[in-house]
Amino acid sequence: MDKKISIDYSYTYPYIDDSKIENYMDEVKKAMNTLWKGTGSGADFLGWRELPNERLQSQELSKIIEVGNEINEKADLLICVGIGGSYLGAKAVLEALSHPFYNYLSKNDRKGPKILFAGQNISGSWLSAVLDEIDKVDSVYVNVISKSGTTTEPGIAFRSLKSKLEKKYGKIEAAKKIITTTDAKKGALRTLANNEGYRTFIIPDDVGGRFSVLTPVGLLPIVSAGIEASKLLKGALEASIYGKEEDISKNPAATYAMIRNLLLKAGYHTEILVNYEPALHYFSEWWKQLYGESEGKNGKGIFTASVDFTTDLHSMGQWIQDGQRFIFETTLNVVAPISDLKVASDKEDLDGMEFLAGKTYEDINKKAMQGTLVAHYEGKVPNMIINIPELNSYYLGQLIYMFEQACGISGYLLGVNPFDQPGVEAYKKNMFALLNKPGSEDAKKLLDEKMASMPSGKITK
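Residues numbered from 1 in each chain as written. Predicted model: local features only at pLDDT ≥ 70, side-chain atom pairs only at ≥ 80, totals over all residues. Heavy atoms only, no water.

Comments concerning the side chain of Arg55
Its place among the elements puts Arg55 in helix α2 (residues 51–56). A distance of 3.4 Å separates the side chain of Arg55 from the side chain of Glu60, its partner in a polar contact. Among residues more than four places away in sequence, those in contact with Arg55 are Glu60, Leu61, Pro204, Leu214, Thr215, Pro216, Leu219 and Leu233. (Helix = DSSP H or I, 4+ residues; strand = E, 2+ residues; numbered from the N terminus. Polar contact = N/O pair within 3.5 Å; in protein donor to acceptor, adjacent residues only side chain to side chain. Contact = heavy atoms within 4.5 Å.)

Here is the structure:
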């Protein structure tokens, strides 16, 4: 029998207690019902709830697997172009389930092509390095992911990549190696795909970017890397089933949402997601976007940060242990051993570490986690532990869905729309005005006046 994700919040006492939990239950259940009945704000973007079941039964999954297998077999290099939810979900899964040095392995040792990401920044040096890689291999595919096709970062990156591929292969052959993931009917990228004859996958209208990892947005790159999408979806399906459990003690998503919001009420407004496996670094990055973009509105929300332990214990560890007390930690604990590597013996023992000889690194890492939990708890940092039975596709699918569901519940508990992102547009408006986008003359003039009045206006300008 498969296990499931579980939550241990015993390290959050006495900052919260049984009476506070009991008094909060009705509010949590109300938020759960709002999410599942689709009666809250953002209800037009709840398509992610049924994705695991729908995808497992859809013909689209067969098409994703077909094209993903083609890329897996024929490509030396796959370049995924996207920003935010258009790349973080796929990146998180690839990093979690692939060899730590996947791109450095020989072609025979990899499960698929090298995979690079572009369009997640506006760095010319980054994109130049990606473009250089195209010259080093024979077969290159590009998957450009954008609902509209007008998002700045992936838009300008794809311009350069498209030009490079057309020079390398010619326009007709390049079109066979460019795959778009975009809107079903409208938008600049949809128009371009239609005009150029690119193969296209659809981003559902009712699924926002940060919830899209179980759509073609994430699934095509994942399959291209040789990872079984069906196992990921089956894990997510299992989480969607126990995510409907009304008994909150049996529902990890509801439990997580409840505890983090009770901690917020107790004055802990910053959550740090902790991992003890480097493979989970980008999962933390995905989680930060999921919660940061969903909850940070109307002066509300829990600020999300992340650390990689034990590495960051030698940097952020001091602050977490002894700094201001407004933080709590959520620790990702992978229960099953990932490696059986043991510490080598050295009888000279100049470093004083011979007492560890013969122990597995896994065991030492677990003891580091336990020691850190106790130290931080004694330092008045509440901790939740999310127990992941094993780091594989099935349980990663569970974890993804659990966090997505919890995000919706948590947003409703906060009193915000968890499925929009109005604040993201502010910087874009300013950037386009500064770049003299046609039609932005008035905005540019107003922005110049604002910048001139700022303390650092002269330097900024």
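Past the structure itself, the notes keep going.
Things to note about the packing of helix α9 (residues 216–224) against helix α10 (residues 229–242)
It is at 9 Å that the axes of α9 and α10 come closest, and there the two elements cross at 135°. Taken together, the axes of α9 and α10 lie oblique to each other. Here α9 contributes Leu219, Ile222 and Val223 to the contact with α10, which in turn contributes Ala229, Leu232 and Leu233. Grouping the constituent residues of the contact of α9 with α10 by class yields 6 nonpolar, no polar and no charged. (Axes fitted to C-alpha atoms, helices over the stretch in contact; angles between N-to-C directions. Parallel < 35°, antiparallel > 145°, perpendicular 65-115°, else oblique. Nonpolar A, V, L, I, M, F, W, Y, C, P; charged D, E, K, R; others polar.)

Focus on the sheet that holds strand β8 (residues 303–308)
Paired through backbone hydrogen bonds, the strands of a sheet run either parallel or antiparallel to each other. The strand order across the open sheet built from 5 strands is β1-β10-β9-β7-β8, with neighbouring strands paired in mixed fashion. The strands lining the two open edges of the sheet, one partner per strand, are β1 (6–8) and β8. For this sheet, the mean inter-axis angle between neighbouring strands, taken without regard to orientation, is 25°. Inspection of the sheet shows strand β7 (residues 270–275) paired to strand β9 (residues 327–334) by 6 bridges, in the parallel sense. Note that in β9 the partner of Asn275 across the bridge is Leu332. Packing of helix α12 (residues 281–295) onto the sheet brings it into contact with β7, β8 and β9, and relative to β8 it is tilted by some 175°. Contacts from helix α14 (residues 361–378) reach β9 and β10 (383–388), with the element oriented near 160° to β9. (Pairing = 2+ DSSP bridges.)

Brief notes about the packing of α12 against helix α15 (residues 393–414)
α15 packs onto α12 with a crossing angle of 20° between their chain directions and a minimal axis gap of 10 Å. Viewed along their axes, α12 and α15 adopt a mutual orientation that is roughly parallel. For the pair α12 and α15, the crossing hand works out as right-handed. Residue-level contacts link Phe283, Trp286, Trp287, Leu290, Tyr291, Ser294 and Glu295 of α12 to Leu396, Leu399, Ile400, Phe403, Glu404, Ala406, Cys407, Ser410, Gly411 and Leu414 of α15. Of the residues in the contact of α12 with α15, the class split is 12 nonpolar, 3 polar and 2 charged. (Left-handed = near helix turned anticlockwise from the far one by under 90°.)

Here's the deal with the environment of Gly352
Locating Gly352 in the fold gives a position in the loop between β9 and α14. Gly352 gets classed as partly exposed once you look at its relative accessible area, which sits at 38%. Separated by 54 residues in sequence, Gly352 and Ala406 place their C-alpha atoms 45 Å apart. (Buried < 20%, exposed > 50% of the residue type's maximum accessible area, 1.4 Å probe, protein only.)

Quick look at the pattern of salt bridges
Applying the stated criterion to the full structure yields 21 salt bridges. Arg199 is the partner of Glu70 in a salt bridge, and the nearest nitrogen-oxygen pair spans 2.7 Å. In this pair, Glu70 is assigned in helix α3 (residues 59–74) and Arg199 in strand β6 (residues 199–202), connecting sequence segments 129 residues apart. Of the residues examined, Arg199 reaches a relative accessible area of 28% and is grouped as partly exposed. Between Lys136 and Glu133 there is a salt bridge, with the nearest N and O atoms lying 2.8 Å from each other. Under the relative-accessibility criterion, Lys136 is labelled exposed at 60%. Sharing partners across several salt bridges, the network here consists of Lys147, Asp183, Lys186 and Asp205. (Salt bridge = Lys/Arg side-chain N within 4 Å of Asp/Glu carboxyl O.)

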